[in-house]
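Understanding the architecture of this molecule
What follows is each chain in one-letter form.
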Amino acid sequence: MVLSTGAVQIPVLKKAMERDPTKTVQPVTMIEYENASLHIDLLRQHGDVDRAIYSAGLEYGPGVTRCVQGGIFEPGSELSDEYGFRKDVIRCLKRAKMPFLRFPGGPASSSYHWEEGVGARDRRKTTLNHATGWEEKNYFGTDEFFTFCKAVHASPLVVLNMATGTLDEALNWIEYMTGQGLTRYAEMRISNTGKRDPYELEYVALGSDVWSEDSLCAMTAAQYGAKAAQWSKAIKRIFPTVKLIGCGKDGLDDWDATVLRSLVQHVDLYSVSYFSGGSTYEEKVMAPAAADKVADIVSSLILQASIMNKVAVPPKICFGAWNCWDSRKGAGSKSAGHFTMTDAVATTCWLNMLVRQCATVRMACISNCVNTLGLLRTQTSGLAKQASWYPFQVFSEYMVGDSVQVGYVSKKHKGSTEPPWIKEASPLYWIDSSACYERDSGFLTICVVNRHPVDPFRVTIHLSLPDMTVHPRFEVVQITNEDPEAFNTLEEEKVKVRIAVDDWKGYIKVQKHSIQIVRIALKG
């Protein structure tokens, strides 16, 4: 059937009018697509994607975050297992294949004392977290964290308390987790768990948000740089296999340059924290472009400090905490709300950036995995997968292998941005994209985001594939909703994944404010 808007009526419409001559049926209007193009050369690659960019935060505390207590951990609930872990959360996080979980989180870590959370639960004392003001029952501690990580097939990343904690306390904690001899804290772990084998611990973070007013005992860059260097040398001397993550800011002032001059030779990763946001749809979906520049700036600062300190192998970047969130709206702005289709679009732009920046960004922890700013939202009767959950899950599943350079051209956004400087820093196309090639499977996966609030795009995909051909059929994963404010609840899922198979034509059609992930099988 050929559609037309001219004098000849569409047969289906003519029959409809014959059935009920009192009704006027409007002619079908063909959708007008804006043109955009992608240029992908399989030989031009950024490097391999480290799956650690699909990690998440597990922020401790019973208060506004509800990430641990009331989130992953709810003893006595019919939805929980014998450890008190929510089984529905475990199923989802296993599906997301998160390589690392970061605990005990951001500002809360500045008042976290690990010994209060080990041993028999009925003997643990309720304490006051001086950073948050929350009362902590300490039922979820080190051993519960490692047990939960094992349940969801993730590796643990622990954050040391560099504010109110001491170096001695930090060393004792690492000994508790990794000690194999007959030492005091190794024996304490064995007594508490009944297991002699130590925990596997690859990464330890040297504090979190130490520059923030939300953190107890906030430090200047010079103070932190000197203290973190001292701690690093002590930890490496006793636990040489543990990898260390320095606490950075966002590269937008002189904090990171100062810290890196003292710390660059002592750490394996350098962590930055950035949250994007805005007051309008356009500002929100364009805001992740600032994170792209944060990565560029911090990478340059790391290189400069490495040259100055004669460091042969510079540390890579870890986004220790990232998400779509406008902090000007208050710390709890998302706690009672939902992530929308708009947030899903912005989250996908974040993920595109992490894939494109894979040469320097080797780890990233979305904040958080559950409840406030979380990918999942729990209630006593079940959980809802937030709109941002689906792009995260699809990326973790498919956007792996080698990151392939993508050149893309479309109409540009010319309106306001948050922060204002990003529109001067780089062109802001309505189309955003990244691509990965899996050598073993032969799949080329391309993510295309249409950030435009109204216009659909016809995106032509130009492929340069030396000695390869494209399979005539391809798979497309689509995440969309007509309403940019649509969100998911326990009762109704409005934003979700739709999967289809189509004939390869060299182009795709991407609707307004939507996401498409294209999976192409290459032969040759």
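Chains are numbered independently. Their residues run from 1 in the order of the written sequence. The predicted nature of this model means local features are confined to residues of pLDDT at least 70 and side-chain atom pairs, given and counted, to a pLDDT of 80 or more, with totals for whole chains, interfaces and linings taken over all residues. To obtain the side-chain values, all non-hydrogen atoms of the structure were used and water was disregarded.

**What about empty space enclosed by the protein?**
A cavity here means a set of points on a 1 Å grid, drawn over the protein atoms and nothing else, where a 1.4 Å probe fits but cannot get out; a pocket is an open set with protein on both sides within 12 Å along at least five of seven lines, and a residue lines either one if it has an atom within 4 Å of a point. Grid points are joined across faces, edges and corners, and a volume is the space filled by probe spheres set on the points. On inspection of all chains with the given rule, the structure shows 3 cavities of 30 Å³ or more. Of the voids in this model, the largest cavity is the one considered here, and its volume is about 140 Å³. Considering the residues around the largest cavity, the lining is formed by 17 residues, among which Arg 102, Ser 208, Cys 247, Ser 271 and Gly 320 are closest to the centre. Listed by contribution, the elements that provide at least two residues to the lining of the largest cavity are β8 (243-247), β9 (269-276) and β10 (316-324). For the second largest cavity, the calculated volume is near 60 Å³. Every residue lining the second largest cavity is listed: Tyr 112, Trp 114, Val 159, Leu 160, Asn 161, Gly 165, Thr 166, Glu 169, Ala 170 and Trp 173. Looking at which element gives the most residues to the lining of the second largest cavity, the answer is helix α4 (residues 167-178), with 3 residues. Residue composition of the lining of the second largest cavity, grouped by class: 6 nonpolar, 3 polar and 1 charged. Put simply, DSSP marks the helices as runs of H or I at least four residues long and the strands as runs of E at least two long, and each gets a number from the N terminus on. Following the grouping adopted for this structure description, the nonpolar residues are Ala, Val, Leu, Ile, Met, Phe, Trp, Tyr, Cys and Pro, the charged ones are Asp, Glu, Lys and Arg, and the polar ones are all others, Gly among them.

**Digging into the packing of aromatic side chains**
Each pair of aromatic rings taken from Phe, Tyr and Trp, with Trp reduced to its six-membered ring, is defined by centres within 6.5 Å and is described as stacked if the planes are under 30 degrees apart, edge-to-face if over 60, and tilted in the remaining cases. Applying the stated criterion across every chain yields a total of 25 aromatic pairs. Measuring from centroid to centroid gives 6.3 Å for Phe 85 and Phe 140, while their planes differ by 65°, and the two rings are edge-to-face. Of this pair, Phe 85 sits in the loop between β2 (55-57) and α2 (87-96) while Phe 140 sits in the loop between β5 (135-136) and α3 (142-151), and the two are 55 residues apart along the sequence. Relative accessibility under 20% of the residue-type maximum defines a buried residue, over 50% an exposed one, and the middle range a partly exposed one, all with a 1.4 Å probe and only protein chains included. On the basis of relative accessibility, which here comes to 1%, the residue Phe 85 falls in the buried class. Seen from their ring centres, Phe 100 and Tyr 203 are 5.5 Å apart, and the 80° between their planes marks the pair as edge-to-face.

**Focus on the pattern of salt bridges**
What counts as a salt bridge is simple: a side-chain nitrogen of Lys or Arg found within 4 Å of a carboxyl oxygen of Asp or Glu. Applying the stated rule across the entire model yields 21 salt bridges. Between Lys 411 and Glu 34 there is a salt bridge whose closest N-O contact spans 3.6 Å. Highlighted residues: Lys 411 in the loop between β14 (402-409) and α12 (422-425) and Glu 34 in strand β1 (residues 34-48), separated in sequence by 377 residues. Connected via shared salt-bridge partners are Glu 34, Lys 411 and Asp 455.

**Thoughts on the confidence of the model for the protein**
By definition, pLDDT measures how confident the predictor is in each residue, and it falls between 0 and 100. In the predicted model, the protein carries a mean pLDDT of 90, and 91% of its residues have values of at least 70. Scored below 50 in pLDDT, residues 1-29 makes 19 contacts in the model with residues more than four places away or belonging to other chains. Confidence drops under a pLDDT of 50 for residues 328-336, and excluding neighbours within four residues, the segment shows 19 contacts in the predicted structure. When checking whether two residues touch, look at their non-hydrogen atoms; a contact exists if any pair is within 4.5 Å.

**Regarding the layout of surface pockets**
Put simply, the second largest pocket is a space of about 830 Å³. The wall of the second largest pocket is formed by 28 residues, among which Asp 143, Phe 146, Thr 147, Lys 195 and Tyr 199 lie closest to the centre. The set of elements that each furnish at least two residues to the lining of the second largest pocket consists of α3, β6 (155-159) and α5 (184-193). When residues of the lining of the second largest pocket are assigned to their parent elements, the largest contribution, 7 residues, is made by α3. Here the residues of the lining of the second largest pocket sort into 12 nonpolar, 6 polar and 10 charged.

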